[in-house]
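Okay, here's what each chain looks like letter by letter:
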Amino acid sequence: INNNQPVNLNPDQAEAKLPVAVGANVQPGVYNVVLRSSAQNVPFIRDPKAMPKQAPVNVVLVEPAAPLTITVLPRTVATLTLAPPNPTLKAGGQVEVVVKAARLFDYAGEFKVSLVPPAAVKDVTADEVVIPAGKDEATLVLKAPAAAPPGGRNDLIVRAVALVHGDKPTTQEVKFNLNVTK
């Protein structure tokens, strides 16, 4: 928080922004942070009833704040693999590819899995599938029309989207190459 440096408030300021940086090596989870404020030269009188007789003494005042809760979400909640990793598809046919998700950080929710071809690949399609909550795989069916020319289709992506912490999407991807034959 603030690169471990103090944040100074002027007497006329009621609030300040604290930059929070989460390092790449921080484990996902819920963290409580307690901030401490201090002020110097705060007038203090030991006995308020003796005010006219006693002059105030300047003291340093230190006060903790209520804990601040920070939730660190994972960038990814699974590692994807494909079986077969680089399939062959006959034009006019279809091929099944098993998408396996090695779950991370105890994520147990579902994944919505889709094919994301590069802009140049317009003849290979697949309907979206779901890896159900608690399961580790689903079958994606790749299709090509009979008129699809033979040859390689490179840099296709299988993308799996999961919702973590209720509604925050996280995306897992794996690239693969596909060979279309006649």
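Preceding this paragraph is the structure being described.
It should be emphasised that the depicted structure is a prediction, and the values quoted were computed from it without experimental measurement.

*Asks:* Looking at this model, I keep getting lost on the nonpolar core. Mind explaining?
*Replies:* A general feature of soluble globular proteins is that nonpolar side chains tend to end up buried together. By size, the foremost hydrophobic cluster in this structure holds 32 residues, and its most contacted members are V99, F111, V113, L142, V158, F176 and L178. When residues of this core are traced back to their parent elements, those giving at least two are β5 (78–83), β7 (94–103), β8 (111–116), β9 (129–131), β10 (137–143), β11 (151–164) and β12 (168–181).

*Asks:* Is there a simple way to explain the sheet that holds β8 in this structure?
*Replies:* Backbone-to-backbone hydrogen bonds join strands into a sheet, with any given pair of strands oriented parallel or antiparallel. What the five strands build is an open sheet, ordered β6-β12-β11-β8-β9; its pairing is mixed. The open sheet has two edge strands with one neighbour each: β6 (88–90) and β9. Pairs of neighbouring strands in the sheet enclose a mean axial angle of 35°, with direction left out of account. Here β6 runs beside β12; their pairing, made up of three bridges, is parallel. Within β12, the position partnered with L89 by the bridge is V180.

*Asks:* Hey, could you run me through the pattern of salt bridges in this one?
*Replies:* Pairing is possible between side chains that carry opposite charge, provided their charged atoms lie close to one another. With the rule as written, the count across this model stands at four salt bridges. Residue R159 pairs with E173 through a salt bridge whose shortest N-O separation is 2.6 Å. Highlighted residues: R159 in strand β11 and E173 in strand β12, separated in sequence by 14 residues. Classification of E173 as partly exposed rests on a relative accessible area of 42%.

*Asks:* I'm lost on the sheet that holds β7 in this one. Help?
*Replies:* If you trace the three strands from one edge of the open sheet to the other, you get β5-β7-β10, paired in antiparallel fashion. Where the open sheet ends on each side, the last strands, each with one partner, are β5 and β10. When strand polarity is set aside, the average angle formed by the axes of neighbouring strands in this sheet is 30°.

*Asks:* Explanation requested: the packing of aromatic side chains in the structure shown.
*Replies:* By convention here, two paired aromatic rings are described through the distance between centres and the angle between planes. The full count for this structure, using the stated rule, is one aromatic pair. Plain terms: the ring middles of Y107 and F111 are 5.3 Å apart, the flat faces sit at 70° to each other, and that makes the pair edge-to-face. F111 matches Y107 in its accessibility class, with the two residues each being buried.

*Asks:* Please explain the environment of V180 as it appears in this structure.
*Replies:* With respect to the helices and strands, V180 occurs in strand β12. For the pair formed by V180 and V34, sequence separation is 146 residues and the distance between their alpha carbons is 59 Å. If near-sequence neighbours (up to four positions away) are discounted, V180 is found in contact with L89, A91, V124, A148, P149, P150, G151 and R153.

*Asks:* How should unusual backbone geometry be read in this particular structure?
*Replies:* The linkage connecting A83 with the following residue, P84, adopts the cis geometry, with an omega of 0°. Structurally, P84 can be placed in the loop between β5 and β6. In this structure, N41 takes a positive phi of about 60° despite not being glycine. Among the secondary structure elements, N41 is positioned in strand β2 (residues 36–44).

*Asks:* Explain the side chain of R153 to me, please; I cannot follow it from the model alone.
*Replies:* Take R153: it is sitting in strand β11. Among the residues examined, R153 registers a relative accessible area of 8% and is labelled buried. A polar contact is formed between the side chain of R153 and the backbone oxygen of G151, at a distance of 2.9 Å. Aside from chain neighbours lying at most four places away, what touches R153 is V121, D123, V124, A148, F176, N177, L178 and V180.

Rules and cut-offs
Counting starts from 1 at the beginning of each chain's written sequence and moves along it residue by residue. Totals for whole chains, interfaces and linings use every residue, but because this is a predicted model, local features are given only for residues with pLDDT of at least 70 and side-chain atom pairs only at 80 or more, for both listing and counting. Think of the side-chain values as coming from all heavy atoms in the structure, minus any hydrogens and water. Among buried residues, the Ala, Val, Leu, Ile, Met, Phe, Trp, Tyr and Cys ones that are joined through side-chain atoms within 4.5 Å form a nonpolar core. When accessible area is computed with a 1.4 Å probe and restricted to protein chains, residues below 20% of their type maximum are described as buried, those above 50% as exposed, and intermediate ones as partly exposed. For helices the rule is a DSSP run of H or I covering at least 4 residues; for strands it is a run of E covering at least 2, with both sets numbered from the N terminus onward. A pair of strands is labelled paired if DSSP reports no fewer than 2 bridges between them. The convention used is that axes are lines fitted to C-alpha atoms, helices contributing only their stretch in contact, and that angles between N-to-C directions extend from 0 to 180 degrees. One speaks of a salt bridge when a side-chain nitrogen belonging to Lys or Arg is within 4 Å of a carboxyl oxygen belonging to Asp or Glu. Centre distance within 6.5 Å is the pairing criterion for rings of Phe, Tyr and Trp, where only the six-membered ring of Trp is used; planes under 30 degrees apart are then read as stacked, over 60 as edge-to-face, and the remainder as tilted. Working rule for contacts: check all heavy atoms of both residues, and any pair within 4.5 Å makes them a contact. Here a polar contact means two N or O atoms within 3.5 Å. Within protein one must be a hydrogen donor candidate and the other an acceptor candidate, and residues neighboring in sequence count only if both atoms are side-chain atoms.

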